[in-house]
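Take a look at the letters that make up each chain.
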Amino acid sequence: MRKTRTTLSDGRELIYYDAGAGAGTAAGGPLRDHADARGLPPIATVSERRHDRLLDEWVVIASHRQGRTHLPPADQCPLCPSAPGRPTEIPAPDYQVAGFENRFPALSGPGGGRCEVVCFSPDHEASYADLGPAQVRTVLAALADRTAELAGLPGVEQVYCFENRGPEIGVTLAHPHGQVYALPVLTPRTRRTLDTVARHHAATGRNLFDEVRDEALADGRRVVVAGEHWSAFVPQAARWPYEVHLYPHRRVPDLPALTEAEQAELAALHLDLLGRFDRLFPTPAPYISAWHQAPVRTGRDLYALHLELFTTRRAADKLKHLAGTESGMGQFVNDIAPERAAAALREV
């Protein structure tokens, strides 16, 4: 895997990731030789963290994001390779995978942290499921590299990699891409999970992540697909209509800790799951694909890397919208039994 670092005209960092013949080059010469010709002013965005004392949670205020690019036409996509007369966030005329600092970051300034965009492909019409195993391996290598590098920044407590797909989810750019957040605090979800896992370990000496995975595999009804190194199953208490968790059989804290064999099988199984989601309905499923990784400094011996993939579509013509009990009280109600969802995903 080759990394090519450069900067955009406003000073933001851009990194190309590529493998194979011609690595580090594109049409017209080396990748770093393609300069950003837009002449953008320096980024001066500022976010703020505010503490909710009743819930003991942090909320990020990022009002500058109101003006971010929203569903532009394909010929104005900022994530496509640059072309004559149409400069974009990617100055090169072609690339394999590219990552750069977000122009409209949720985390910046005194609030701390960093937000990056990772473009999975130069093809605007592609989706993650179209990439193929070799390209997915490059994407995974990029995410592992960003995880390791961002975890070393001062004040970063957690690195979160994710992909949102579909306007129904709230995506503002259709080009295939994901994001990486270097968070200055632990998210409420991670902190609560760590507390639960730590209490379980103190009481039993066992790891709760391992138990959840092993119980799903032993039961079998909620298993969607299983390989040598990974297994995917619908959680027993799934919140979303179709929700799958992908666990490695060897507990590791984060993406950089995976072996070559684990990475290879992960690429294949991730593509398999996304294909199944897309075959559930006549049109591609909107989804969130979220990598849950161990915090940088806390609970790394107990936390388990895993992928949580879910769609908000519950039927061909119906979306799951959070109801009053869910949005107002955090009490989820699922219309589809996990065993039924797993059976449907196996069948497709």
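Let us look at the structure shown here. Fair warning: this is a prediction, and the values are worked out from it, not measured in the lab.

1. As for the overall build of the protein chain
Right, so step 1: Of regular secondary structure, the protein chain possesses 6 helices and 17 strands.
Right, so step 2: In terms of overall size, the protein chain behaves like a compact globule, its C-alpha atoms giving a radius of gyration of 20 Å where 348 residues would be expected to give roughly 20 Å.
Right, so step 3: Buried residues in the protein chain amount to 50% of all 348 residues.
Right, so step 4: Carbon and sulfur atoms provide 53% of the accessible area of the protein chain, an area that totals close to 16,000 Å².
Right, so step 5: The average position of the 38 basic charges and that of the 43 acidic charges among the side chains of the protein chain differ by 3 Å.

2. Quick notes on helix H1 (residues 133-151)
Right, so step 1: Helix length check: H1 (19 residues) gives 27 Å between terminal C-alpha atoms against 27 Å at 1.5 Å per residue, within 8%.
Right, so step 2: Residues of H1 that are buried: Gln 135, Val 136, Thr 138, Val 139, Leu 140, Ala 142, Leu 143, Ala 144, Asp 145, Arg 146, Thr 147 and Leu 150.

3. Points about helix H2 (residues 188-204)
Right, so step 1: With 17 residues, H2 extends 24 Å between its outermost C-alpha atoms, agreeing within 8% with the 24 Å of an ideal straight helix rising 1.5 Å per residue.
Right, so step 2: The inward-facing, buried residues of H2 abut strand S9 (158-165) and helix H3 (208-219).
Right, so step 3: Positioned one or two residues after H2, Gly 205 has a phi angle of 80°, which is positive.

4. Some words on the environment of Thr 187
Right, so step 1: Structurally, Thr 187 can be placed in the loop between strand S10 (177-183) and H2.
Right, so step 2: Using a relative accessible area of 23% as the deciding quantity, one classes Thr 187 as partly exposed.
Right, so step 3: Between the C-alpha atom of Thr 187 and that of Asp 33, which follows or precedes it by 154 residues, the distance is 39 Å.
Right, so step 4: Side chain to side chain, Thr 187 and Thr 190 meet in a polar contact 2.9 Å long.

5. With respect to the pattern of salt bridges
Right, so step 1: For the structure on display, the rule yields 32 salt bridges.
Right, so step 2: For Arg 250, the salt bridge goes to Glu 262, with nearest N and O atoms at 2.8 Å. One end of the pair, Arg 250, is in the loop between strand S13 (242-248) and helix H4 (260-279); the other, Glu 262, is in helix H4, with 12 residues separating them in the sequence.
Right, so step 3: Assessed through its relative accessible area of 39%, Arg 250 is described here as partly exposed.
Right, so step 4: Sharing partners across several salt bridges, the network here consists of Lys 3, Arg 5, Glu 13, Glu 101, Arg 114, Glu 116, Asp 145, Arg 146 and Glu 149.

6. Some details on the side chain of Arg 65
Right, so step 1: Of note, Arg 65 is situated in the loop between strand S6 (57-61) and strand S7 (97-101).
Right, so step 2: No salt bridge forms around the buried Arg 65; measuring N to O, its nearest opposite-charge neighbour Glu 89 is 11 Å away.
Right, so step 3: Setting aside its immediate chain neighbours within four residues, Arg 65 contacts Asn 102, Phe 104, Pro 105 and Ala 106.

Cut-off values and rules
Residues numbered from 1 in each chain as written. Predicted model: local features only at pLDDT ≥ 70, side-chain atom pairs only at ≥ 80, totals over all residues. Heavy atoms only, no water. Helix = DSSP H or I, 4+ residues; strand = E, 2+ residues; numbered from the N terminus. Rg over C-alpha atoms; globule rule 2.2 N^0.38 Å. Buried < 20%, exposed > 50% of the residue type's maximum accessible area, 1.4 Å probe, protein only. Areas by Shrake-Rupley, 256 points an atom, 1.4 Å probe, with all protein chains shown as cover. Lys, Arg positive; Asp, Glu negative; His and termini not counted. Charge placed at Lys NZ, Arg CZ, Asp CG, Glu CD. Expected span 1.5 Å × (residues − 1). Contact = heavy atoms within 4.5 Å. Polar contact = N/O pair within 3.5 Å; in protein donor to acceptor, adjacent residues only side chain to side chain. Salt bridge = Lys/Arg side-chain N within 4 Å of Asp/Glu carboxyl O.

By themselves, these figures tell us nothing about what the structure is for.
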